[in-house]
Each structure stands twice: as structure tokens, then as C-alpha cells.
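# Per-entry structural report
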Amino acid sequence: GPCDVPCDVGFLPEGGGFLCSLDGEWSSSPRCASIWSVGDWGTCQGVADHCGDGGLQQRQVTCPEASGCHAMSKPIEEQSC
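This text gives an overview of the structure that appears in the document.

Calculation rules
- Residues numbered from 1 in each chain as written.
- Predicted model: local features only at pLDDT ≥ 70, side-chain atom pairs only at ≥ 80, totals over all residues.
- Heavy atoms only, no water.
- Helix = DSSP H or I, 4+ residues; strand = E, 2+ residues; numbered from the N terminus.
- Buried < 20%, exposed > 50% of the residue type's maximum accessible area, 1.4 Å probe, protein only.
- Contact = heavy atoms within 4.5 Å.
- Pairing = 2+ DSSP bridges.

Bringing the side chain of S34 into the picture now. In this structure, S34 sits in strand β2 (residues 31-34). Judged by relative accessible area, S34 falls into the buried class, the value being 5%. Filtering out sequence-adjacent residues up to four positions away, S34 remains in contact with G10, F11, P64, E65, G68, C69 and H70.

So, in C-alpha cells, the structure goes:
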């Protein structure tokens, strides 16, 4: 349809390019930003001073592109476990 963003697999549209005029044309060019590279969750680490009160596990979240990645879709880097 009008104003679909042509991004390659592994990329998402980002930036001011979402401004779509009434005739279905982009008013500025959208940027295709890379999706994030996500590692596996690490082992569950206990939280200091909270014995048995849950813990945290972390994972590596990195951007494979020097131009930056899709800011709005950055995955979380730690979670309770």
C-alpha cells in the first residue's frame, strides 16, 4: 500500500519517514535501522542482600550496524528470574 517502507530483512523503518502525505508519498525518506543482536540469557544470579528473594539474569544486546539500531525495539538486557 502507500507509504509502506521497503526495508530489507533484519531492518525496521525508523525516523521522520513516517510522515505520509495525503497522496501516499513520503514527505521525507525513512531510515531502515538494523534490528538488535541478542545473546542467550545467562545463569540466574541471586541479588545481594536478598537471600532467596529472586535474582537477575542478563544477556548481551548489541548492535551489528555502525549506523545504529532501531531504538524503539531494543530488547531488555536483564530480567528477574
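Take the environment of G68 next. Mapped onto the elements, G68 comes out in the loop between β6 (61-62) and β7 (78-80). Distance from G68 to I35, taken between C-alpha atoms, is 9.2 Å for residues 33 residues apart in sequence. Apart from the residues lying within four places of it in its own chain, the contact partners of G68 are R31, S34 and C63.

Strand order in the open sheet made by the 3 strands is β4-β5-β7, with antiparallel pairing throughout. Because the sheet does not close on itself, it has two edges, and the strands there are β4 (45-46) and β7. Inspection of the sheet shows β4 paired to strand β5 (residues 55-58) by 2 bridges, in the antiparallel sense. Counterpart to G46 in the pairing with β5 is G55.

Looking at the element boundaries, E65 is found in the loop between β6 and β7. The exposure class of E65 is partly exposed, given its relative accessible area of 34%. Sequence separation of E65 and S37 is 28 residues, and the distance between their C-alpha atoms is 9.7 Å. Those residues within four positions of E65 in sequence are excluded, and the remaining contacts are F11 and S34.

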